Amino acid sequence: INAAKGNGEPESVEVLGLNPNTLYYFAIKSADAAPNWSDMSNVVSVTTPAGATVNEGDIVINELMWMGTGAGSDDEYLELRNMTGRTISLSNFSLEKYDGTDMGIDFSGKSIAPNGYFLITNFATGSASSHLKSGVVSNLVDSSLTLNNSNLGLKLLANGSQIDTAGNGSTPLSGIYDGTSDIKKYYSMERTTVPGDGANALSWYTCIDPASTGDFFTGSFERGTPGAENRSENEPVSHSPGIVMTKSDTALTFSVE
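Only a predicted model underlies this, so the values are computations on that prediction, with no experimental measurement involved. (Residues numbered from 1 in each chain as written. Predicted model: local features only at pLDDT ≥ 70, side-chain atom pairs only at ≥ 80, totals over all residues. Heavy atoms only, no water.)

Trainee: So what exactly am I meant to see when it comes to the sheet that holds strand S7 (residues 93-97) here?
Mentor: The strands making up a sheet are joined through hydrogen bonds of the backbone, oriented either antiparallel or parallel. Here 3 strands make up an open sheet; going across it, the order is S7-S11-S12 and the pairing antiparallel. If you trace the sheet from one side to the other, it starts and ends with S7 and strand S12 (161-170), each paired once. Pairwise comparison of adjacent strand axes, ignoring direction, gives a mean angle of 15 degrees for this sheet. Inspection of the sheet shows strand S11 (residues 152-158) paired to S12 by 7 bridges, in the antiparallel sense. Across the sheet, the residue bridging to Leu 156 is Asp 164, located in S12. (Pairing = 2+ DSSP bridges. Helix = DSSP H or I, 4+ residues; strand = E, 2+ residues; numbered from the N terminus. Axes fitted to C-alpha atoms, helices over the stretch in contact; angles between N-to-C directions.)

The structure is reproduced here in structure tokens:
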């Protein structure tokens, strides 16, 4: 851990996305710059409370095609990602714009698989109005989905409580839109593997993966990974398995992938 505190001073760690009423074991190893790795620390265990079934960080907004595609500006999509190992019902979920206006998307009867993705589109994939291939599975087609190109900010709520955000109400934090030049660009805004604060630009990057064009789209100018794992080569957080730790002013947060 690259910590700002001196040797022997206490550190705090926050772990998000845990299942309720579940026994977890934790241990830590440390390394210097070489790296020379320490032995494993003592193992501690804790059982999470039964409590709420959905907590902050359990589900995140993972990808936004806020500019539409070459098929039209309304050909937008939004993708959710389940950060937990359990199926979560979305029936009591809602999406709000940054000013608190309910977007009106109906999640009734929907759920998201463990560690899975949930794709919301304006149009059916493979239709004349969409540049998403017919093989891309849209979990919910809802024309209420509207993503602002200049003041983008969304809030994801579960049972009325906010559990994630995307953007901060200003210009989109990532993604590329160029609909005028000969080589047009419709590149989605993707979340980092370790999601972080969705209102912070460091939690997002632009999908530049060239293979994604042919894998997911019928057009020639789109890049993104709708309904699938993000895989852009310029993500600032490594995709490599391991323990990833981030530091804020008040806590260290780690994710085991």
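Right, picking up where we left off after that structure.
Trainee: Even after reading the chapter, I still don't get unusual backbone geometry, so can you show me in this structure?
Mentor: In this structure, Asn 115 takes a positive phi of about 55 degrees despite not being glycine. Checked against the element boundaries, Asn 115 lands in the loop between strand S8 (111-112) and strand S9 (117-121). Notably, Asn 159 is not glycine yet its phi reads approximately 55 degrees, a positive angle. The exposed category is assigned to Asn 159, whose relative accessible area is 53%. (Buried < 20%, exposed > 50% of the residue type's maximum accessible area, 1.4 Å probe, protein only.)

Trainee: Please explain the nonpolar core as it appears in this structure.
Mentor: Within soluble globular proteins, side chains that are nonpolar tend to cluster in buried spots. Judged by nonpolar contacts, the single largest core of 38 residues is most densely connected at Ile 61, Leu 64, Leu 78, Leu 80, Phe 93 and Phe 107. Elements that contribute at least two residues to this core include exactly strand S4 (59-65), strand S5 (77-82), S7, S9, S11 and S12. Sequence-distant contacts of Leu 78, that is, excluding residues within four places in its chain, are made with Ile 61, Glu 63, Leu 64, Leu 95, Phe 118, Leu 119, Ile 120, Leu 145, Leu 147 and Leu 154. (Core = buried A, V, L, I, M, F, W, Y, C linked by side-chain atoms within 4.5 Å. Contact = heavy atoms within 4.5 Å.)

Trainee: Sorry if this is basic, but what is going on with the sheet that holds S9 here?
Mentor: Read from one edge of the open sheet, 6 strands run S10-S9-S5-S4-S15-S16, paired in mixed fashion. On the outer flanks of this sheet lie strand S10 (140-141) and strand S16 (204-206), each paired with one strand and no other. Where S4 meets S5, 6 bridges bridge the pair, whose relative direction is antiparallel. If you follow Ile 61 over to S5, its bridge partner there is Leu 80.

Trainee: So what exactly am I meant to see when it comes to the pattern of salt bridges here?
Mentor: When the charged atoms of two side chains with opposite charge come close together, those side chains can pair. The full count for this structure, using the stated rule, is 4 salt bridges. Measuring nitrogen to oxygen at the nearest pair gives 3.0 Å for the salt bridge that ties Asp 209 to Arg 231. Of the two residues, Asp 209 sits in the loop between S16 and helix H1 (211-216) while Arg 231 sits in the loop between strand S17 (222-223) and strand S18 (243-247), which places them 22 residues apart along the sequence. The class for Asp 209 is buried, based on a relative accessible area of 12%. Of the charged contacts in the structure, one is a salt bridge between Arg 231 and Asp 215, with a shortest N-O distance of 2.5 Å. Here Arg 231 is found in the loop between S17 and S18, whereas its partner Asp 215 is found in helix H1, with 16 residues between them in sequence. For Asp 215, a relative accessible area of 44% translates into the label partly exposed. The structure contains a network of salt bridges with shared partners spanning Asp 209, Asp 215 and Arg 231. (Salt bridge = Lys/Arg side-chain N within 4 Å of Asp/Glu carboxyl O.)

Trainee: Before we go on, may I ask you to explain the side chain of Glu 79 in this structure?
Mentor: By secondary structure assignment, the location of Glu 79 is in strand S5. Within the structure, the side chain of Glu 79 is placed 2.6 Å from the side chain of Asn 62, a separation counted as a polar contact. Beyond its immediate stretch of four places on either side in the chain, Glu 79 contacts Val 60, Ile 61, Asn 62, Glu 63, Tyr 117, Phe 118, Leu 119, Thr 225, Pro 226, Gly 227, Ala 228 and Asn 230. (Polar contact = N/O pair within 3.5 Å; in protein donor to acceptor, adjacent residues only side chain to side chain.)

Trainee: Before we go on, may I ask you to explain the packing of aromatic side chains in this structure?
Mentor: One pair of aromatic rings is described through two measures. These are the centre distance and the angle between the planes. Following the criterion strictly, the structure yields 3 aromatic pairs and no others. Between Phe 107 and Phe 118, the ring centres sit 6.2 Å apart and the planes meet at 40 degrees, which makes this aromatic pair tilted. Of the two residues, Phe 107 sits in the loop between S7 and S8 while Phe 118 sits in strand S9, which places them 11 residues apart along the sequence. Comparing Phe 107 with Phe 118 shows no difference in burial state: the two are buried. Taking 5.7 Å as the distance between ring centres and 40 degrees as the angle between the ring planes, the aromatic pair formed by Tyr 177 and Tyr 186 counts as tilted. Cation over ring: Lys 155 sits above Tyr 98, and NZ or CZ is 5.4 Å from the ring centre. (Phe/Tyr/Trp six-rings, centres within 6.5 Å; stacked < 30°, edge-to-face > 60°. Lys NZ or Arg CZ within 6 Å of the ring centre and 35° of its normal.)

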